[in-house]
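What the coordinates show
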Amino acid sequence: GPDSYLTLPDLIAQVEAGHKAINIELSTTETYRDVVPERVAGNRLSGFVSIMRGCNNFCHYCIVPYTRGRERSRDVESILTEVRDLEKRGYKEVTLLGQNVNSYGKGLEEQVDFSDLLNLLCTVPGDYHIRFMTSHPKDLSDELIDVMAHSKHILPQFHLPVQHGNDEILRRMNRHYNRAQYLDRVRKLREAIPAIGLTTDIIVGFPGETEADFRESCDFLKQIGFLKVHVFPYSRRSGTPAYDFPDQVHEREKQARSREMNA
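These lines cover the structure that appears in this document, whether it is placed above or below. (Residues numbered from 1 in each chain as written. Predicted model: local features only at pLDDT ≥ 70, side-chain atom pairs only at ≥ 80, totals over all residues. Heavy atoms only, no water.)

What follows deals with the overall build of the protein chain. Regarding its fold elements, the protein chain presents nine helices and eight strands. Taking the principal axes of its C-alpha atoms as reference, the protein chain extends roughly 60 × 55 × 40 Å. Restricting to contacts in the protein chain with at least 6 residues of sequence separation, those with at least 24 account for 75%. Only carbon and sulfur atoms are counted for the fraction: they give 52% of the accessible area of the protein chain, which is about 13,700 Å². (Helix = DSSP H or I, 4+ residues; strand = E, 2+ residues; numbered from the N terminus. Contact = heavy atoms within 4.5 Å. Areas by Shrake-Rupley, 256 points an atom, 1.4 Å probe, with all protein chains shown as cover.)

Now the structure itself:
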């Protein structure tokens, strides 16, 4: 497993002794802070940098907090080291990764949030662009929007998963925002960065979703006018609260709604 790299010597020793050796457990503490990846020769366009792992949000359809643990952030200097390495190697784009990059900074000794991190990364000299994903709407701050609006490195693109356009379904998903609050974030982004390209994720067929709820979700997408939309039929995950919700939508209906929303 990806989190067992530190136990490789022990695993190899077990094999040399004639035993089977396996470790596929996902860590709830690992951040890869001391690892600078070897980059594939020939690719000098886009490099990915993980800035945090885990999630604290416990959306009712998602298994991530149970398998990857709570949010923990890499320290600023280790991220800066990796970004400097990418720039030195000639990469033109850096994509910062996290389950919810907007909550970066939790667990660190230094008082730093995601907008502070972006400001620091933008001091790295060179000709490169920065992207990031994924962001949670409830944690999108005015400070982050301001940093984006005034940075020459951060691309005017924002992936902001909406997940649904009906307030009751959003409440059942445990998303901690409603339509009006999401629209407020969109308005502020577009006011500050008129050329911004907004992309999103959305789920159809969540337990209890009626035909009227689905129509409301479709209308919400049209109202916002995203650059790109990723449509996902609700996928039942054992161990999540939504797995046991009543009024599960039939698979055929989920697929039909997915096709219609994509169209």
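Alternating positions in strand 5 (residues 129-133) separate cleanly, I130 and F132 being buried on one face and H129, R131 and M133 remaining unburied on the opposite face. Where strand 4 (residues 93-97) lies against strand 5, five bridges are found, and the strand directions are parallel. Residue E93 lies in a different strand from strand 5, and its bridge partner there is H129. Between the parallel elements strand 4 and strand 5, the chain passes through helix 4 (residues 114-121) in a crossover that is right-handed. (Buried < 20%, exposed > 50% of the residue type's maximum accessible area, 1.4 Å probe, protein only. Pairing = 2+ DSSP bridges. Right-handed = clockwise from strand over helix to strand, strands pointing away.)

We now examine helix 3 (residues 76-88). Here helix 3 contains 13 residues, and its C-alpha end-to-end distance of 18 Å stays within 8% of the 18 Å for a straight helix at 1.5 Å per residue. Within the sequence span of helix 3, burial applies to V76, S78, I79, L80, E82, V83, D85 and L86. For helix 3, the elements touching its buried residues are strand 1 (46-50), strand 4 and helix 4. The first or second residue beyond helix 3 is G90, which carries a positive phi of 95°. (Expected span 1.5 Å × (residues − 1).)

Below, the discussion takes up the sheet that holds strand 6 (residues 157-159). Strand order in the open sheet formed by three strands is 6-7-8, with parallel pairing between adjacent strands. Each edge of the open sheet is held by one strand with a lone partner, namely strand 6 and strand 8 (228-233). Across this sheet, the average inter-strand angle for adjacent strands is 15°, counted without regard to direction. Where strand 7 (residues 197-204) meets strand 8, six bridges bridge the pair, whose relative direction is parallel. When the bridges of strand 8 are listed, I203 appears paired with F232. (Axes fitted to C-alpha atoms, helices over the stretch in contact; angles between N-to-C directions.)

Two descriptors summarise a pair of aromatic rings, namely the distance from one centre to the other and the angle between the planes of the rings. Applying the stated criterion to the full structure yields nine aromatic pairs. Measuring from ring centre to ring centre gives 5.4 Å for F206 and Y234, while their planes differ by 75°; the resulting arrangement is edge-to-face. Note that F206 is positioned in the loop between strand 7 and helix 8 (211-224) and Y234 in the loop between strand 8 and helix 9 (251-262), a separation of 28 residues in sequence. The same class applies to F206 and to Y234, which are both buried. One aromatic cluster is present, built from ring pairs that chain together Y61, F206, Y234 and F245. In this structure, R236 is placed above the aromatic ring of Y243, and the distance from its NZ or CZ to the ring centre is 4.2 Å. (Phe/Tyr/Trp six-rings, centres within 6.5 Å; stacked < 30°, edge-to-face > 60°. Lys NZ or Arg CZ within 6 Å of the ring centre and 35° of its normal.)

This paragraph deals with the sheet that holds strand 5. Pairing within the open sheet is parallel, and its three strands lie in the order 1-4-5. Looking at the sheet topology across the chains shown, the edges are occupied by strand 1 and strand 5. Between one strand axis and the next, the sheet turns by 25° as a mean value, whatever way the strands run. Its contacts with the sheet put helix 3 on strand 1 and strand 4, and the angle it makes with strand 1 is roughly 170°.

Moving on, we get to unusual backbone geometry. Look at the link from M133 to T134: it is a cis peptide, with omega at 5°. Within the fold, T134 resides in the loop between strand 5 and helix 5 (142-150). With a phi close to 55°, F58 is a non-glycine residue in the positive phi region. Assignment of secondary structure puts F58 in the loop between strand 2 (52-53) and helix 2 (64-68). Even without glycine at this site, H176 takes up a positive phi of about 65°.

Attention now moves to the packing of helix 7 (residues 179-192) against helix 8. Between helix 7 and helix 8, the least distance of the axes is 12 Å, while the angle of their chain directions is 15°. For the element pair helix 7 / helix 8, the angle class is roughly parallel. Helix 8 is crossed by helix 7, and the crossing has right-handed handedness. Seen from helix 7, the contacting residues are R179, Y182, L183, V186 and R190; seen from helix 8, they are E216, F220, Q223 and I224. Counted by class, the contact of helix 7 with helix 8 contains five nonpolar, one polar and three charged residues. (Parallel < 35°, antiparallel > 145°, perpendicular 65-115°, else oblique. Left-handed = near helix turned anticlockwise from the far one by under 90°. Nonpolar A, V, L, I, M, F, W, Y, C, P; charged D, E, K, R; others polar.)

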